[in-house]
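# Observations on the three-dimensional arrangement
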Amino acid sequence: MAQPLPFVLNVPEIPEDHDREPSPYDESEVHDSFHQLIQEQSQCVAEEGLELRQRGLGAAAPGTSGSGRQALVGPEDAAAYSTATLRILASMPSRTIGRSRGAIISQYYNRTVRLRRRVSRPQLGGVGRSARPSLRLYDLELDPAALEEEEKRSLLVKELQSLTVAQRGHMLKGMPLGLAEKRSLREESRTLTGKPRERRGRRGLFPCCGWLRDTCVLALHGLGLWLLAGLHGLKPWRYALKRIGGQFGSSVLSYFLFLKTLLAFNALLLLPLLAFVVGVQAAFPPPASPGPVPAFTGLELLTGGGRLTHTVMYYGYYSNSTLNPPCVPAPDGGQCGRETDGLPYNMPLAYLFTVGGAFFITCITLVYSMSHSFGESYRVGSTSGVHAITVFCSWDHKVTQRRASRLQHDNIRTHLKELLAEGQLRQGPRSVCGRLRQVAVLGLVWLLCLAITLGCTVAVYAFSELMIQSPVSAEQGGALLALPVVVCLLNLGAPYLYRGLAALERHDSPVLQVYVAVCRNLILKMVILGILCYHWLGRRVGALRDQCWENFVGQELYRLMVLDFIFILLDTLFGELVWRLISERKLKRKEKPEFDIAGNVLELIYGQTLTWLGVLFAPLLPAVQIIKLVFLFYIKKTSLMANCQAPRRPWLASHMSTVFISLLCFPSFLGAAVFLCYAVWQVKPSSTCGPFRTLDTMYEAGKVWVRRLEKAGPRVSWLPWVHRYLVENTFPVYLVSALLLAVIYLNIQVVKGQRKVICLLREQISNEGEDKIFLINKLHSVYEKKERSRCCRDVLKSAASHLPSSRFQTPSLLLYCGHQDPRCPLLVTPDLGLRRVTHPVPSFPQPVKI
Amino acid sequence: MGGSGSRLSKELLAEYQDLTFLTKQEILLANCWLLLHPLHPSGSSRASPSTVPGTQAHRRFCELLPQEHRSTEESLHTRVSLEQILSLPELKANPFKERICRVFSTSPARDSLSFEDFLDLLSVFSDTATPDLKSHYAFRIFDFDDDGTLNREDLSQLVNCLTGPGEDTQLSASEMKQLIDNILEESDIDRDGTINLSEFQHVISRSPDFASSFKIVL
């Protein structure tokens, strides 16, 4: 009975060390009820648990021996954790990074270290040991004292100092801290930099070199910023685009951005043509053609013929001679010699090379922007996690109008409901009959659409044959418009038919619906253009033997383009304005018609294809297209603001813009390039007009030039060699395509590898998650134990302190702490054994007697 | 720093340009806006420069301002109350406007924004800000209880913000539960029942549209 005393004395001195404390009792028997209590309350009982039950219990309660097993506590049980555990959970680094400044600082410190390592600047010596990243950083949050944050800060400042100025600026810019914070960090890292810099400078050979470099870097940085600001100011339509984005969101904005991209492409195409072909020819006009100049009637703007025929607008105007500034035609009519001073400007060559070069530049830009767009929109694993992405990323912060915001609310809600319903639908199987019916409808609609396409094609072909059989003279301008009008009518009408048919079929996803509609319209447009190309190069060239067929083709394309513009206007007027009025007045509908992004973008692609097809025959066609696009921008914007609302369907803006730019590249640009290549390599140019009038094909101009170079002398002999081995030989083509394929293959493999790595990392993270849960449980149990033991110790202590100091005298001592502290519902029995309390409190003779 | 007149001094402007993703025009615009608002305590959107097109116009608008007692130094430390910020046309229709202001506010009560806070806001929502920065602040905006993780309550508040303010527009309880279950299933990689910053950024990085939609055009 002498043991209790040391226990009481020990408590305040080594409170943690309860394992080694002597037992407060010497009875070998501890009540079974206490063990039940432990089993109930603690999630996992470790071997080194309370010694209260260690005593002699080995035999009495064998059930507790298997206590090493872990019970993983699910997240739902988090409420069961004690406050201390929760506090630790809340201060874990992974949870504080979104909230606390200290955690952000340490994260950015680590990043800076990584960045510096990559740059491999060697000055780590000056930085103390503490600056190196260590695990220590991670437990800083356990003690959220200001001191720790200060320390982290100074580490970060030190790291920042060792970066270059530009890198430091970049790093600071990207830190998710307040401006004041960033400024003070910058000030500190700048003021402290002075000393190490000097030291380094003294050591270096050229002390001023570093300073000079820094100044240069700073100046360049400033210049870059200035240029950027300038570019920003130049951004056309910034305000208009902002308004569109604010009212209709990103989806409709993507149409206007695409329009802007097309403008840039046309400018790119037009500039070299203006500089090297049109401008030069305009400066040295060829002798005027004999015959009266037709009067300007105004119809020319539609037909592109008449007065406009013999201008820089068309191929026929360009001369086939060399233009030579100093050469004044001799009075006797003789040509000036080829060897006169100054470089002869060979017009056919310039024409061929400029068009070829402009096409090449366009091709490079197009492929580059396509790959860029793919890189933006294609993310590895972007198909999974649609719910999370919808919730986290679907709000468009650009939207500034209340009405638009309400619409966006509605769209998101509908989309979420659809997603949830879809998830349930996928689980339920669909009946075979229903699926068969759907497939049948789908097949039928596709058949009908293809039939419509075929009908349109046949109509265009028949009409073009009719046009050839009944030739109209250039004077009857109106009749020339017949074929383009038919083409435009078909282009306008067929999409409406398609839309009507598409209402019959029911697609699972709205995105698929858009893709199908795009696909059908695209097939129609491409087939019609293909027929027209055949009509021009296959039939017209033969029919117009004695005339300038290139001019005719150029004019046809001009007409198509102008009429396309007019039909777009009509479509906007009737499809949007009139339809809105009807639906508002007659049908009493609240909703405005939706803006059909896909259809409008396809119109743009079609117009651009026409431009590319015609640029060889009418070098100023890109200029016409630019004017058309500018008008279109304002008209569409006005109509949109007045008549339309944003589409109800979710629209993956970046995906769709990738699709559109690929469509622009693949059928449109490639088709135009094939058409032009055929025209250059295979078709005989007309013999009465144009720069190639004496040659068999346009390509011969290049050949003739190379032959002339061969004769010219050894100085340029490498050029014919290049021509012989690189252009006429097919081997380089194979080589380049093989290289291209290899690059594509490599990229595919890299993406595959990344996918694999992502899978592995995911697995690792989920393993770590399990580890975390394990540790949390462990922590929880430790805290539980500590709490309980402290409680019991308090009980015992207070009991003991009320005892007469020598030994237990009163047998009826009873303490009950269950009501004050539910974690320790223990009874201290007179013999200082512990007993579990059952409610209500058992009636002991005297509850507390001291 | 300092310098009288309603325009920012050159050094300060350069510093702001260095520390934020904003261009000179945008900073000046923001400054104008701030100078205007204390003069018009009602915060009417008519007076706000952002409804007037063209940056040149704004700057001239600024220069026309009476310079009475208001130097730049002073204006930088003026705090604009939450209501005035919320009445800004760019934020008016945004369901997250209160959260945005709270996240960017540096005042102790989180109820007002200084000019620099406002610049921070604009910088994060600007065109050129890094996706990392954007997703970090998006996380903080969505973390309604400021505890550093997105738990179920945060998510349900977020969904309610997205679907609209009214009672009738909200999802039903079962739908909400299913949606949140799905979200956690998809994005809670370590299965601790909440979404932390890295998990959030992992989800965001898979969405190509995020950077273009997390943007406020001034």
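Residues numbered from 1 in each chain as written. Chains lettered and ligands numbered in written order. Predicted model: local features only at pLDDT ≥ 70, side-chain atom pairs only at ≥ 80, totals over all residues. Heavy atoms only, no water.

## Details of the overall build of chain B
- Tallying secondary structure elements over chain B gives 13 helices and 2 strands in all.
- Residue burial in chain B is summarised as follows: out of 218 residues, 62% are buried.
- For chain B, restricting intrachain contacts to residue pairs at least 6 apart in sequence, the fraction spanning at least 24 positions comes to 61%.
- On chain B, roughly 8,200 Å² of surface is accessible, and the fraction owed to carbon and sulfur atoms is 53%. (Helix = DSSP H or I, 4+ residues; strand = E, 2+ residues; numbered from the N terminus. Buried < 20%, exposed > 50% of the residue type's maximum accessible area, 1.4 Å probe, protein only. Contact = heavy atoms within 4.5 Å. Areas by Shrake-Rupley, 256 points an atom, 1.4 Å probe, with all protein chains shown as cover.)

## A look at the overall build of chain A
- Scanning chain A from terminus to terminus reveals 27 helices and 5 strands.
- Counting across all 850 residues of chain A, residues that qualify as buried make up 44%.
- Contacts in chain A between residues at least 24 apart in sequence constitute 75% of all its contacts with a sequence separation of at least 6.
- Put simply, chain A shows about 45,500 Å² of open surface, and 64% of that area lies on carbon and sulfur atoms.

## A word on the state of the cysteines
- Summed over all chains, the structure comprises 1 disulfide over all chains.
- The disulfide bridge from cysteine 548 of chain A ends at cysteine 689 of chain A, spanning 1.7 Å between sulfur atoms. Disulfide cysteine 548 of chain A-cysteine 689 of chain A: torsion about the S-S bond near 80°, hence right-handed. Note that cysteine 548 of chain A is positioned in the loop between α20 (510-543) and α21 (549-585) and cysteine 689 of chain A in the loop between α24 (653-681) and α25 (700-712), a separation of 141 residues in sequence.
- Relative accessible area serves as the criterion here: at 8%, cysteine 689 of chain A is assigned to the buried category.
- For cysteine 363 of chain A, which is in no disulfide, the shortest distance to another cysteine sulfur is to cysteine 665 of chain A and amounts to 6.5 Å.
- Here cysteine 393 of chain A is not disulfide-linked; the sulfur of cysteine 161 of chain B is the nearest cysteine sulfur, at 16 Å.
- Since its relative accessible area comes to 7%, cysteine 393 of chain A is described here as buried. (Disulfide = S-S within 2.5 Å.)

## Regarding the packing of α25 of chain A against helix α26 (residues 718-728) of chain A
Residues and elements named next belong to chain A.
- Where α25 meets α26, the closest approach of the two axes is 9 Å, and the angle between their N-to-C directions is 140°. One way to sum up the angle between α25 and α26 is to call them oblique. Facing α25, whose interface residues are Lys703, Trp705, Val706, Leu709 and Glu710, α26 presents Leu719, Pro720, His723, Arg724 and Glu728.
- Of the residues belonging to the contact of α25 with α26, the class tally is 5 nonpolar, 1 polar and 4 charged. (Axes fitted to C-alpha atoms, helices over the stretch in contact; angles between N-to-C directions. Parallel < 35°, antiparallel > 145°, perpendicular 65-115°, else oblique. Nonpolar A, V, L, I, M, F, W, Y, C, P; charged D, E, K, R; others polar.)

## Brief notes about the packing of aromatic side chains
- Counted under the stated rule, the structure contains 30 aromatic pairs over all chains.
- Taking 5.4 Å as the distance between ring centres and 55° as the angle between the ring planes, the aromatic pair formed by phenylalanine 96 of chain B and phenylalanine 142 of chain B counts as tilted. With phenylalanine 96 of chain B in the loop between α6 (89-92) and α7 (97-104) and phenylalanine 142 of chain B in helix α9 (residues 131-142), this pair connects stretches of sequence that are 46 residues apart.
- Assessed through its relative accessible area of 0%, phenylalanine 96 of chain B is described here as buried.
- The ring of tryptophan 446 of chain A has arginine 520 of chain A lying over it, and the distance from NZ or CZ to the ring centre is 4.4 Å.
- The residue whose ring lies beneath lysine 786 of chain A is tyrosine 783 of chain A, and the NZ or CZ to ring-centre distance is 5.4 Å. (Phe/Tyr/Trp six-rings, centres within 6.5 Å; stacked < 30°, edge-to-face > 60°. Lys NZ or Arg CZ within 6 Å of the ring centre and 35° of its normal.)

## Description of the UniProt feature "domain: EF-hand" (unreviewed entry) in chain B
- With numbering aligned to this structure, UniProt lists the feature "domain: EF-hand" (unreviewed entry) at residues 130-165 and 175-210 of chain B.
- Within residues 130-165 of chain B, the helical portion is 67% and the strand portion 0%, while the C-alpha atoms at the span's ends are 31 Å from each other. (UniProt positions renumbered as here; feature names shortened; annotations may be inferred.)

## Brief notes about the nonpolar core
- Formed by 117 residues in total, the largest nonpolar core has its most connected members in Tyr255, Phe359, Leu532, Leu616, Phe617 and Phe660 of chain A.
- For this core, the element with the highest residue contribution is helix α12 (residues 238-283) of chain A, accounting for 18 residues.
- Apart from residues lying up to four places away in sequence, phenylalanine 660 of chain A is in contact with Phe258, Val518, Ala598, Val601, Ile605 and Trp651 of chain A.
- Counting residues in hydrophobic clusters, the runner-up holds 83 residues, among them Leu155 and Met171 of chain A together with Phe104 and Ile183 of chain B. (Core = buried A, V, L, I, M, F, W, Y, C linked by side-chain atoms within 4.5 Å.)

## Thoughts on the interface of chain B and chain A
- Taken together, the contacts link 81 residues of chain B with 75 residues of chain A.
- Summing the contributions of chain B and of chain A, the shared interface buries around 6,900 Å²; its carbon and sulfur component is 58%.
- Taken together, the links from chain B to chain A amount to 5 salt bridges.
- Two residues, glutamate 90 of chain B and lysine 242 of chain A, come together in a salt bridge whose shortest N-O distance is 2.7 Å.
- At the surface where chain B touches chain A, the tally comes to 22 residue pairs in polar contact (both at pLDDT 80 or more). (Buried area = accessible area lost by both parts, 1.4 Å probe. Salt bridge = Lys/Arg side-chain N within 4 Å of Asp/Glu carboxyl O. Polar contact = N/O pair within 3.5 Å; in protein donor to acceptor, adjacent residues only side chain to side chain.)

## Overview of the packing of helix α17 (residues 432-469) of chain A against helix α19 (residues 482-502) of chain A
Residue and element names in this part refer to chain A.
- Viewed as axis vectors pointing N to C, α17 and α19 meet at an angle of 175°, and their least axial separation amounts to 11 Å. When the axes of α17 and α19 are compared, the pair comes out roughly antiparallel. Each of Val445, Leu448, Cys449, Ile452, Thr453, Cys456, Ala459, Val460, Phe463, Ser464 and Met467 in α17 lies in contact with α19, whose residues at this interface are Ala482, Leu483, Val486, Val487, Leu490, Ala494, Leu497, Tyr498 and Leu501.
- Counted by class, the contact of α17 with α19 contains 18 nonpolar, 2 polar and no charged residues.

## A few points about the pattern of salt bridges
- Counted according to the given criterion, the structure contains 23 salt bridges over all chains.
- When the shortest N-O distance is used, the salt bridge between arginine 499 of chain A and aspartate 596 of chain A registers 3.3 Å. Of this pair, arginine 499 of chain A sits in helix α19 while aspartate 596 of chain A sits in the loop between α21 and α22 (597-614), placing them 97 residues apart in sequence.
- One salt-bridge network, held together by shared partners, links Arg183 and Arg186 of chain A together with Glu15, Asp18 and Glu116 of chain B.

## Side note on the environment of alanine 30 of chain B
- When you line up the elements, alanine 30 of chain B lands in helix α2 (residues 24-39).
- Residue contacts for alanine 30 of chain B: discarding those within four places in its chain leaves Phe115, Phe118, Leu119, Leu122 and Leu218 of chain B.

## Thoughts on the environment of glutamate 728 of chain A
- Checked against the element boundaries, glutamate 728 of chain A lands in helix α26.
- Excluding residues within four positions of it along the chain, glutamate 728 of chain A makes contact with Lys703 and His723 of chain A.

## With respect to the side chain of glutamine 608 of chain A
Residues and elements named next belong to chain A.
- Counting through the fold element by element, glutamine 608 comes out in helix α22.
- Residue glutamine 608 is classed as buried on the basis of its relative accessible area of 0%.
- In contact with glutamine 608, not counting residues within four places along its chain, are Leu262, Asn266, Gln625 and Leu664.

## Here we look at a nonpolar patch on the surface
Residue and element names in this part refer to chain A.
- Taken together, the side chains of Trp721, Tyr725, Leu726 and Val727 present a nonpolar region at the surface, about 420 Å² in accessible area.
- Structurally, the position occupied by leucine 726 is in helix α26.
- A relative accessible area of 47% means that leucine 726 is categorised as partly exposed. (Patch = residues over 30% accessible without salt bridge, like charges linked within 9 Å, V, L, I, M, F, W, Y side chains within 5 Å.)

## A few points about unusual backbone geometry
All names here are of chain B.
- Residues other than glycine seldom take positive phi values, yet arginine 110 does so here, at roughly 60°.
- Mapped onto the elements, arginine 110 comes out in the loop between α7 and β2 (112-113).
- Relative accessible area serves as the criterion here: at 32%, arginine 110 is assigned to the partly exposed category.
- Phi at aspartate 146 takes a positive value of approximately 55°, unusual for a residue other than glycine.
- Inspection of the secondary structure puts aspartate 146 in the loop between α9 and α10 (152-163).

## As for the environment of asparagine 110 of chain A
- Following the sequence through the fold, asparagine 110 of chain A ends up in helix α6 (residues 101-119).
- In sequence terms asparagine 110 of chain A and leucine 581 of chain A are 471 residues apart; their C-alpha atoms lie 61 Å from each other.

## Section: the confidence of the model for chain A
- Confidence in the prediction for chain A averages 74 pLDDT; 71% of positions are at 70 or higher.
- Here residues 326-341 of chain A is modelled with pLDDT under 50, and outside its nearest four sequence neighbours on either side it reaches 5 contacts, counting other chains as well. (pLDDT = per-residue confidence, 0-100.)

## A look at the confidence of the model for chain B
All names here are of chain B.
- For chain B, the average pLDDT comes to 76, and 76% of its residues sit at 70 or higher.
- Across residues 1-6, where pLDDT falls below 50, the model places 16 contacts with residues more than four positions away in sequence or in other chains.
- Note that pLDDT drops below 50 for residues 38-70; the model gives that stretch 53 contacts with residues more than four away or on any other chain.
- Under the prediction, the complex receives an ipTM of 0.83, its pTM being 0.73.

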